[in-house]
Amino acid sequence: MWGKPVKGVKPVDLSGLNPEQRAAVDHIEGPLLVLAGAGSGKTRVITFRIAHLLNLGVRPSQILALSFTNKAATEMKERLVGLVGEPAKKCQTSTFHALGVKFIKAEYEAAGLRPGFSIFDEGDQLEAVRHAMQQLQIDPKQYDPKNFLEQITQYKSQLIHPASLRDARTAAMIYEGYLRRMRLMNAVDFEDLIRLPVVLMETHREVKLRWRNKFKYILVDEYQDSNGAQLRMLKALSEGTGNICVVGDDDQSIYGWRGAVASNILKFDQHFHGARMIALTQNYRSTNYILKAANSVIENNPERHPKTLWSAHGDGEKLCYRQLDHGEQEAEWVVKDLNQRRYSTKASEGLPFPELHWRDFSILYRTNAQARAFEEGLRSLNIPYRIVGGTRFFDRKEVRDAIAYLRLLCNPSDDNAFRRIINYPQRGIGDQTLERIAHVAQSRSLSMWAVSLELDSIGLSPINEKAVQSFTELLQPYQERIEKESWSTIFLDLLETIKFKEALIKQYKDGPQTQKRWQNVEELANGLKNSQNKKLDKSLNDYLNRISLEYKPKTDEQKDEVTLMSLHSSKGLEFHTVYMVGVEEGWMPHEREPGEGSDLEEERRLAYVGITRAQRVLLLTSASKRLSRGKLKPRRVSRFLAEIPEVYFEGGREGRASQEETTRVEAKRNQAFNRMFNALGKGS
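Residues numbered from 1 in each chain as written. Predicted model: local features only at pLDDT ≥ 70, side-chain atom pairs only at ≥ 80, totals over all residues. Heavy atoms only, no water.

Remarks on the nonpolar core
If you look at the biggest cluster of nonpolar residues, it comprises 52 residues, and the most contacted ones within it are Phe471, Leu475, Phe491, Phe500, Leu540 and Tyr543. Here this core takes 9 residues from helix α16 (residues 397-410), the largest share from any one element. Ala260, Ala294, Leu600 and Ile644 belong to the second-largest nonpolar core, a separate cluster that totals 36 residues. (Core = buried A, V, L, I, M, F, W, Y, C linked by side-chain atoms within 4.5 Å. Buried < 20%, exposed > 50% of the residue type's maximum accessible area, 1.4 Å probe, protein only. Helix = DSSP H or I, 4+ residues; strand = E, 2+ residues; numbered from the N terminus.)

In structure tokens:
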């Protein structure tokens, strides 16, 4: 039945897989759901399954592996190449949105677009919403454009057309105006990258036939994070063969607020008939007391695929729970305990943790506002730390300004880019001139750039007309150069011509802030050069579209710092020692999700995710009182804590240390101080 292995593919040894992993790899034909519990080696299953297909003779171009982040897609490709060699590079490893870009580029005419379309980010989308509101004379001060954008995003992810919104006419009219604006500007947004392929495959027979057999085998990672539109996309793509394998964990479905639909994984067999289900329950991350606690919590969710995680690492340490008097005391206790453990932990039970570093510790909380007290505590002891989050590289103002120039060079119909840069750096072009150009563009169904090339009849003063003309004449030579020269060279030439750095100095003064912002712009130039040198993108517009999809700044994973992050941000990560703080009603579950039903179930899944981040040590803390609006108010311990049997806790669930533990901690503290002083002595 199967042919020879793909030329150049290394043989793959499947003997190292456990029985369930092996069964998932060996299942070739028909739909398959791999229920991969936390830390059960799901990425290993996906990569070995693809390697096995290549060894069976399946061509790389016939294999599509989808994930939700560029990082995951890149790591998957790197693992594959390491496993079977260079031929794996031809496998289609991609995010859903990157696949959507490829689809729309191939089918742009059917989608009603022109070549060189732009992908709008949230800032661009808000401008389109504001424009639609302005056309309908809806005051943005009275009605927040962000709320309408959230509605539009939900409608698109559910493939709802404005015409079907009979009970929400205002939202429907803004939605219609938003879509018109996008078409005029030859642009799509993130939701379109899934919506348009689905609509085209479901309504255009020729498009459907081109894509239904394009991929013989489809694999999906983190399937529990998929939404309704992505499900329909997968159905359409796999319709020809039925060979779809999804890997995920319904117990880690925590992005309902972002549109993820837990029923996609819970009802997989109803969406893909004849599906087989294989559960991966052996956990390679944690010890059994941690896993027993996680199992005890998640078992209270009525709608889930039953599975019980276990580990070959032994029982390990029991959990620790502390209830402190107030929030500041909680932070003080956590930081002191962390500091002691950093200097006193030794290898135990033969496990590979002879000495801990700061990077082995993490403090997890439900809301970002909780971080402040812990930050202060860490600073007081000079403990290095990092907070996961902050402004992304491509969201920084100076980077967005610079990119807007490139966007307008590639897509002159991009009115958002035009508006952003026509008077930055300042050229004496004011709001009245800009609005006059916008009005004429709207009335003639033209882009603002097109109107700016024909200024004779739009009624601008000679001074303003000359300023706009100078702007268009400045950019036109660069539009001609982008197909012939180095992108980074053109970019840096343009910045020098428009005196971009001088504008930064004028705005932020000539100091560290200006230097940092200019370095960000130079880093963008480096990205352009790297893309062209490595042939990552066929055109400058492809590069701009790629960075619009998702960008995560490079982080030095070896940097020795304690990590502070929200429970949502912690998914997919692991740490030797984890502190779950603020384990109280109002935070776990969050007070915005107080009711019974699906919201409570997602909050419980979020607690489960937090618990399973811990490899060897898990500590939970709460405060009996917290400061709220200037007054100390009582807090109740989270119901999730009560769902963990008391026997799994060192000293029980009372939140106070036993005498035996106090003696042991005192000994550890003395040991920690001795090690700390010895370390300081060696450094002097």
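Okay, back to it.
Topic: the environment of Phe393
Residue placement: Phe393 occurs in the loop between β13 (385-387) and α16. Note on Phe393: relative accessible area 6%, which makes it buried. Spatially, the C-alpha atoms of Phe393 and Tyr405 are 17 Å apart, while their sequence positions differ by 12 residues.

Some points on the packing of aromatic side chains
For the structure on display, the rule yields 11 aromatic pairs. Aromatic pair Tyr223 and Phe268: ring centres 5.8 Å apart, planes at 85°, arrangement edge-to-face. In this pair, Tyr223 sits in the loop between β6 (217-220) and α10 (228-238) while Phe268 sits in helix α12 (residues 268-271), placing the two residues 45 residues apart along the sequence. Across the pair, Phe268 and Tyr223 agree in class, each one buried. Three or more aromatic residues joined by ring pairs form one cluster here, namely Tyr223, Phe268 and Phe272. Between Lys214 and the ring centre of Trp211, over which it is positioned, the NZ or CZ distance is 5.2 Å. One Lys or Arg, Arg635, reaches over the ring of Trp587 and ends 4.7 Å from the middle of that ring. (Phe/Tyr/Trp six-rings, centres within 6.5 Å; stacked < 30°, edge-to-face > 60°. Lys NZ or Arg CZ within 6 Å of the ring centre and 35° of its normal.)

Some remarks on the domain arrangement of the protein chain
In terms of domain boundaries, the protein chain breaks down into domain 1 (19-102 + 194-280), domain 2 (118-185), domain 3 (320-391 + 556-668) and domain 4 (394-550). Relative to domain 2, the C-alpha centre of domain 1 lies at a distance of 32 Å. Domain 1 puts 7 residues into the contact, and the matching count from domain 2 is 5 residues. When domain 1 packs against domain 2, the two sides together hide about 510 Å² of surface, and 69% of this comes from carbon and sulfur. By the criterion of area lost to domain 2, the three top residues of domain 1 are Arg195, Ala229 and Arg232, representing 68% of everything that side buries. Applying the counting rule to domain 1 against domain 2 returns 0 salt bridges. (Domains from an automatic or database assignment. Contact = heavy atoms within 4.5 Å. Buried area = accessible area lost by both parts, 1.4 Å probe. Salt bridge = Lys/Arg side-chain N within 4 Å of Asp/Glu carboxyl O.)

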